[in-house]
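# Commentary on secondary and tertiary structure
One letter stands for each residue in the lines below.
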Amino acid sequence: DVLYYSAMDNLANMLPEQGRLFREFLELEQAFSSIITVLRLKRAGLHQKDIKAYLSKLPMHTGFRATKLTTALKYKRLLGKLAAAQNLEETANLLNKSKLKNVVEHGIKELLGNNSLVRLELDLAKHLLRLSTLLIHQNPLSMHVILGYMLAKETEIRNLKTILKGRQLGLANEFIEQQI
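Residues numbered from 1 in each chain as written. Predicted model: local features only at pLDDT ≥ 70, side-chain atom pairs only at ≥ 80, totals over all residues. Heavy atoms only, no water.

### Observations concerning the overall build of the protein chain
The helix and strand inventory of the protein chain stands at nine helices and zero strands. Evaluated residue by residue, the protein chain yields a buried proportion of 37% over its 180 residues. The long-range share in the protein chain, meaning contacts at least 24 apart out of those at least 6 apart in sequence, stands at 59%. Accessible surface, the protein chain as shown: approximately 11000 Å² in total, 57% of it carbon and sulfur. (Helix = DSSP H or I, 4+ residues; strand = E, 2+ residues; numbered from the N terminus. Buried < 20%, exposed > 50% of the residue type's maximum accessible area, 1.4 Å probe, protein only. Contact = heavy atoms within 4.5 Å. Areas by Shrake-Rupley, 256 points an atom, 1.4 Å probe, with all protein chains shown as cover.)

Shown next as structure tokens:
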């Protein structure tokens, strides 16, 4: 994880101002992955000091504009609060009170109800996908169109794999549809 996020952070640092949308997308992807990691570690019963130590190893791009908070800094604050929470319920409540409330509310209910992160992970991935479509429509003559197309293809491949695995395992079509 540290190596992957370091590479993403280096890429985000190299992007010019015109790549702001893509930089924010990379930061958001990293933040969402870190949120899931915190929830998994909380669910496993790790102490908050251990979770904070793990998160401190992950780079979070802080941007080069001092006048505005970047996406990463906003989520770094949220991650700090989530890691400092006493238990999984408190962590879920903090996440439910964040700006992601509309995105994660069903996943939080499932997490607290049956201790499953599947719905929450899917909801965050869907939200990230919706945001990636903005890359395609912002400026038709920029690199964002190509990156948005690549992200759409990656999602298409992931969905095809999910369908194939689901059929191979004999899962119900309704369950497979929820996963894509």
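### Thoughts on helix α5 (residues 88-96)
Among the residues of α5, Leu88, Thr91, Ala92 and Leu95 are the ones counted as buried. Buried positions in α5, seen along its axis, are confined to an arc of 100° and lie on one side of it. Where α5 begins, the capping side chain belongs to Asn87, and its oxygen is found 3.3 Å from the backbone nitrogen of Glu89. (Arc of directions from axis to C-beta. Polar contact = N/O pair within 3.5 Å; in protein donor to acceptor, adjacent residues only side chain to side chain.)

### Some words on helix α2 (residues 20-43)
An ideal rise of 1.5 Å per residue puts 34 Å on 24 residues; α2 measures up with 34 Å between its terminal C-alpha atoms. Of all 24 residues in α2, 17 are buried; the element is thus mostly enclosed. Directly beyond the C-terminal end of α2, a positive phi value near 90° is found at Gly45. (Expected span 1.5 Å × (residues − 1).)

### Here's the deal with unusual backbone geometry
Phi is positive for Asn115, close to 60°, though the residue is something other than glycine. In this structure, Asn115 sits in the loop between α6 (101-114) and α7 (118-138). Its relative accessible area of 40% is what places Asn115 among the partly exposed residues.

### A closer look at the confidence of the model for the protein chain
Per-residue confidence for the protein chain gives a mean pLDDT of 80; residues scoring 70 or more make up 88%. Taken element by element, the predicted model of the protein chain shows its lowest mean pLDDT in helix α1 (residues 2-14) (78) and its highest in α6 (89). Across residues 61-69, where pLDDT falls below 50, the model places 20 contacts with residues more than four positions away in sequence or in other chains. (pLDDT = per-residue confidence, 0-100.)

### Some points on the environment of Val38
The topology assignment puts Val38 in helix α2. In the structure, Val38 is positioned 41 residues away from Leu79 in sequence and 7.7 Å away in space, judged by C-alpha atoms.

### Quick look at the packing of α2 against helix α8 (residues 143-169)
One can describe the packing of α2 onto α8 by two numbers: an axis separation of 9 Å at closest approach and a directional angle of 30°. Considering the angle they form, α2 stands roughly parallel to α8. On α8, the residues touching Leu21, Phe22 and Phe25 of α2 are Met143, His144, Leu147 and Leu151. Looking at the contact of α2 with α8 residue by residue, the classes come out as six nonpolar, one polar and no charged. (Axes fitted to C-alpha atoms, helices over the stretch in contact; angles between N-to-C directions. Parallel < 35°, antiparallel > 145°, perpendicular 65-115°, else oblique. Nonpolar A, V, L, I, M, F, W, Y, C, P; charged D, E, K, R; others polar.)

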